Amino acid sequence: MFIRYLTQMIVALFQKSPLGKSTGKQREGYKCVSLPDYTLVVGIITIIFTLVIFGLSLVFKAPGWVPALWIVFSLLGFYLIIAWKNIKVLYNDEKIIETTFLGKEKHYTYDEFVSCEEKTQKHVIKYYTADGRVLKVDQSIEDAIYLDIAIKSEYKKLHNNKNIPIK
């Protein structure tokens, strides 16, 4: 119970900060598939834990490589926070916008998709476009199933009730 409350508090504080998801340009009329909020919490815990170990290794005069190793591990926490903030897929009835780790946007329209490949072991569905681009949908993310349904239903509308070809 305490951990759940603490998680909700951290997420609420971070959402309202300048680094949170709620800041910046919001797109009206789009649904969003993004990493879950526990990614943020794990990133913050990773940073705190590794920096505490880093400080203890300095206090106890550990060899020089030990503090350097913990600083490298703390970068993993920053990676998780940036991924939580940036990686997302926005979609509506007309198009799909994928945002990468570095914030670069890739735009797709439903009529561009020509086939898909389902990798059930990895929980990933890859949608291929005519020009060779690939949209990867991670099915382990909670709302990703709705994006998958949207792509397949729009394909059916555009191609006379035919299912999207599966590789």
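As a convention, each chain's residues are numbered from 1 in the sequence order in which they are written. Local features in this predicted model are restricted to residues of pLDDT 70 or higher, and side-chain atom pairs are both shown and tallied only at a pLDDT of 80 or more, whereas totals for entire chains, interfaces and linings draw on every residue. Neither water nor hydrogens contribute to the side-chain values; these are computed over all heavy atoms in the structure.

### Some thoughts on the overall build of the protein chain
Move 1: Runs of E in the DSSP output that reach at least two residues are strands. Runs of H or I that reach at least four are helices, and both are numbered from the N terminus. A tally of regular secondary structure across the protein chain gives four helices and seven strands.
Move 2: Order of helices (α) and strands (β) in the protein chain, N terminus to C terminus: α-β-α-α-β-β-β-β-β-β-α.
Move 3: Think of it in three bands: with a 1.4 Å probe and only protein chains considered, a residue is buried below 20% of the maximum accessible area for its type, exposed above 50%, and partly exposed in between. Residues classed as buried in the protein chain amount to 35% of the 167 residues present.
Move 4: For the protein chain, the share of sequence-separated contacts (at least 6 apart) that also reach a separation of at least 24 residues comes to 47%.
Move 5: Carbon and sulfur atoms form 64% of the exposed surface of the protein chain, whose accessible area is close to 11000 Å². Any two residues whose heavy atoms approach within 4.5 Å are treated as being in contact. Note on areas: these come from Shrake-Rupley sampling with a 1.4 Å probe, and a residue is covered only by the protein chains present in the view.

### Here's the deal with the side chain of N92
Move 1: Tracing the backbone through its elements, the reader meets N92 in the loop between β2 (88-91) and β3 (95-99).
Move 2: N92 sits in the buried class, given a relative accessible area of 17%.
Move 3: With sequence-adjacent residues up to four places away left out, N92 is seen in contact with G29, Y30 and Y110.

### As for the packing of aromatic side chains
Move 1: For Phe, Tyr and Trp, where Trp contributes only its six-membered ring, two rings pair if their centres lie within 6.5 Å, and the inter-plane angle classes them as stacked under 30 degrees, edge-to-face over 60, or tilted in between. Inspection of every chain in the model, using the stated rule, returns five aromatic pairs.
Move 2: Here F113 and Y127 contribute two aromatic rings whose centre-to-centre distance is 5.8 Å and whose plane-to-plane angle is 65°, an arrangement assigned as edge-to-face. Here Y127 lies in strand β6 (residues 124-129) and F113 lies in strand β5 (residues 113-119), a separation of 14 residues in the sequence. Each of the two residues, F113 as well as Y127, counts as buried.
Move 3: One aromatic cluster in this structure is built from F49, W70 and F73.
Move 4: Lying over the aromatic face of Y128, K167 brings its terminal NZ or CZ to 3.8 Å of the ring centre. Note on geometry: a ring has a charge over it if NZ (lysine) or CZ (arginine) is within 6 Å of the ring centre and within 35 degrees of the ring normal.

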